[in-house]
Amino acid sequence: MAAAKKARAKARPTNGARVAAGWDAAPTEVLRARDGFDLASLDRSSTPGFSGGKAAGRALVAQHADELSDLQERLFAEGRTGGSRSVLLVLQGMDTAGKGGIVRHVVGLVDPQGVAHRSFGVPTAQELRHHFLWRVRRELPRPGYIGVFDRSHYEDVLVARVRELVEPAVLDRRYDEINRFEAKAVASGTTVVKVALVVSYEEQRARLAERLERPDKHWKYDPSDVDSRALWPAYQDAYQVMLDRTSTDTAPWHVVPADRKWFARLAVSELLLDALRRLDLGWPAAGFDVEEEKRRLAAT
Ligand code: AMP
Ligand code: MG
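Small disclaimer: the values here were computed from a predicted structure and weren't measured.

Peer 1: So what exactly am I meant to see when it comes to the site of ligand 1 here?
Peer 2: Close to ligand 1 lie Asp95, Phe120, Gly121, Val122, Pro123, Arg135, Arg151, Glu155, Asp156, Val159 and Leu165, which account for all nearby residues. A distance of 3.1 Å is found between a nitrogen atom of ligand 1 and a side-chain nitrogen or oxygen belonging to Arg135. Coverage of ligand 1 by the protein amounts to 72% of the 500 Å² it exposes when considered alone. One can see that ligand 1 is located within the largest pocket. Split into classes, the residues belonging to the shell around ligand 1 amount to five nonpolar, one polar and five charged.

What follows is the structure, given as structure tokens:
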């Protein structure tokens, strides 16, 4: 116990960021995409900041359930009583990166009534008639909610870049538009937690192969996934540019190696927990006279 505490104190980064229990370094720090971050050199089967292994990692996620739930309920209560704050978890990643698993295993730890989950697919004809942020802006979480974007406005600089869906000048402008859009969301009370789940080329093949092998997974398989896979290097470049241009101080990117599902889930649970903890959420004061209500109730 004392030794573990000492080890954690030693691992504490000099900037004072909180080192989460069981971690060697603060997940928010060690996973953050800072200037000069190089995606190509990321080992996608690594577990940055965590040396505990799978069983310990899974146990830690389970341990977070109560706190996540409690904080989510406080946020929801705040939203119900005039608060303006919310949290938005943006999940990006190639096919099979595990976005759905994060939603099930991490976001699923809290009351679904307080979660606004949205997935973004190929834009509809109506959506295409609008600015690319139109469909996203209307899905920003309302006060009190944890919004989850399974894919997002970032598709408009990822698939759009790789498949050249727009003119280069239009694409180039989008990065700044996204930064302004997110800064505005943050200014109006939404904490934006951006997570890029990064699988390796080999692991993606294994996961797609499993989808083909198992009849219960055929529904998840999309023949177009193989077409995207054929454009792997271009996608990696597009992700690198995205990280370079949109990992801001107000809405930084976190890059999570995703070949080990248990690690990705642990990492995202820590990032979400950190965002909620930073809100320093209390419970709203009663909008009525509690003693008076007790008396009234007693009289019935
Ligand atoms: P899935 O998440 O597996 O349901 O796949 C959704 C598909 O929609 C992916 O192939 C995305 O690349 C695609 N998609 C999402 N947003 C956009 C967008 N803005 N423009 C073009 N394709 C998109
Ligand atoms: Mg898919």
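Peer 1: Would you take a moment to explain the sheet that holds strand 2 (residues 115-119) for this structure?
Peer 2: Where strands meet in a sheet, backbone hydrogen bonds hold them as pairs that are either parallel or antiparallel. Read from one edge to the other, the open sheet built from five strands follows the order 2-3-1-4-5, with strand pairing classed as parallel. At either end of the open sheet lies a strand with only one pairing partner, and these are strand 2 and strand 5 (253-257). On average, each strand axis in the sheet is inclined to that of its neighbour by 20°, with strand direction left out of account. The sheet contact formed by strand 2 and strand 3 (residues 146-150) spans five bridges and is parallel. Looking across to strand 3, one finds that Val115 is bridged to Ile146.

Peer 1: Is there a simple way to explain helix 10 (residues 223-230) in this structure?
Peer 2: One turn of an α-helix holds 3.6 residues; hence residues three or four places apart share an orientation. For helix 10, the set of buried residues is Asp225, Ser228 and Arg229. In a view along the axis of helix 10, the buried residues occupy a sector of 105°, so they form one face of it. Exposed residues on helix 10 whose side chains face more than 90 degrees from its buried face are Pro223 and Ala230. Here the buried face of helix 10 lies against helix 9 (201-213) and helix 11 (232-246).

Peer 1: I would appreciate a short explanation of the packing of helix 8 (residues 168-187) against helix 11 in the present structure.
Peer 2: In a pair of packed helices, the angle between the axes and the distance between the axes together describe the arrangement. One way to put it is that helix 8 packs onto helix 11 with a least axis distance of 10 Å and a crossing angle of 45°. As the angle between them shows, helix 8 and helix 11 are arranged oblique. In this structure, helix 8 crosses over helix 11, and the sense of that crossing is right-handed. Residues Asp172, Tyr175, Asp176, Ile178 and Asn179 of helix 8 form the contact with helix 11, whose participating residues are Val241, Met242, Arg245 and Thr246. The residue makeup of the contact of helix 8 with helix 11, split by class, is four nonpolar, two polar and three charged.

Peer 1: How do you make sense of the pattern of salt bridges when you look at a structure like this?
Peer 2: When their charged atoms lie close together, side chains carrying opposite charge are able to pair. Applying the stated criterion to the full structure yields 21 salt bridges. For Glu155, the salt bridge identified is with Arg151, shortest N-O distance 3.0 Å. Judged by relative accessible area, Glu155 falls into the buried class, the value being 11%. Of the charged contacts in the structure, one is a salt bridge between Arg245 and Asp172, with a shortest N-O distance of 2.7 Å. With Arg245 in helix 11 and Asp172 in helix 8, the pair connects residues that are 73 residues apart, well separated along the chain. Judged by its relative accessible area of 41%, Asp172 is partly exposed.

Peer 1: Looking at this structure, I do not really get the side chain of His254. What am I missing?
Peer 2: As for its placement among the helices and strands, His254 is situated in strand 5. Once residues within four sequence positions are removed from consideration, His254 is found in contact with Thr28, Leu31, Arg32, Lys194, Val195, Ala196 and Leu271.

Peer 1: How do you make sense of the environment of Gly83 when you look at a structure like this?
Peer 2: Mapped onto the secondary structure, Gly83 falls in the loop between helix 3 (54-80) and strand 1 (86-93). Expressed as a C-alpha distance, the spacing of Gly83 and Gly52, which sit 31 residues apart in the sequence, is 38 Å. When sequence neighbours within four positions are dropped, the list of residues in contact with Gly83 reads Glu78 and Pro143.

Definitions and limits used
- Residues numbered from 1 in each chain as written.
- Chains lettered and ligands numbered in written order.
- Predicted model: local features only at pLDDT ≥ 70, side-chain atom pairs only at ≥ 80, totals over all residues.
- Heavy atoms only, no water.
- Near = heavy atom within 4 Å.
- Polar contact = N/O pair within 3.5 Å; in protein donor to acceptor, adjacent residues only side chain to side chain.
- Areas by Shrake-Rupley, 256 points an atom, 1.4 Å probe, with all protein chains shown as cover.
- 1 Å grid on protein atoms, 1.4 Å probe; cavity = no way out; pocket = protein on both sides within 12 Å on 5 of 7 lines; lining within 4 Å.
- Sits in = over half its atoms within 2 Å of the grid points.
- Nonpolar A, V, L, I, M, F, W, Y, C, P; charged D, E, K, R; others polar.
- Pairing = 2+ DSSP bridges.
- Helix = DSSP H or I, 4+ residues; strand = E, 2+ residues; numbered from the N terminus.
- Axes fitted to C-alpha atoms, helices over the stretch in contact; angles between N-to-C directions.
- Buried < 20%, exposed > 50% of the residue type's maximum accessible area, 1.4 Å probe, protein only.
- Arc of directions from axis to C-beta.
- Contact = heavy atoms within 4.5 Å.
- Parallel < 35°, antiparallel > 145°, perpendicular 65-115°, else oblique.
- Left-handed = near helix turned anticlockwise from the far one by under 90°.
- Salt bridge = Lys/Arg side-chain N within 4 Å of Asp/Glu carboxyl O.

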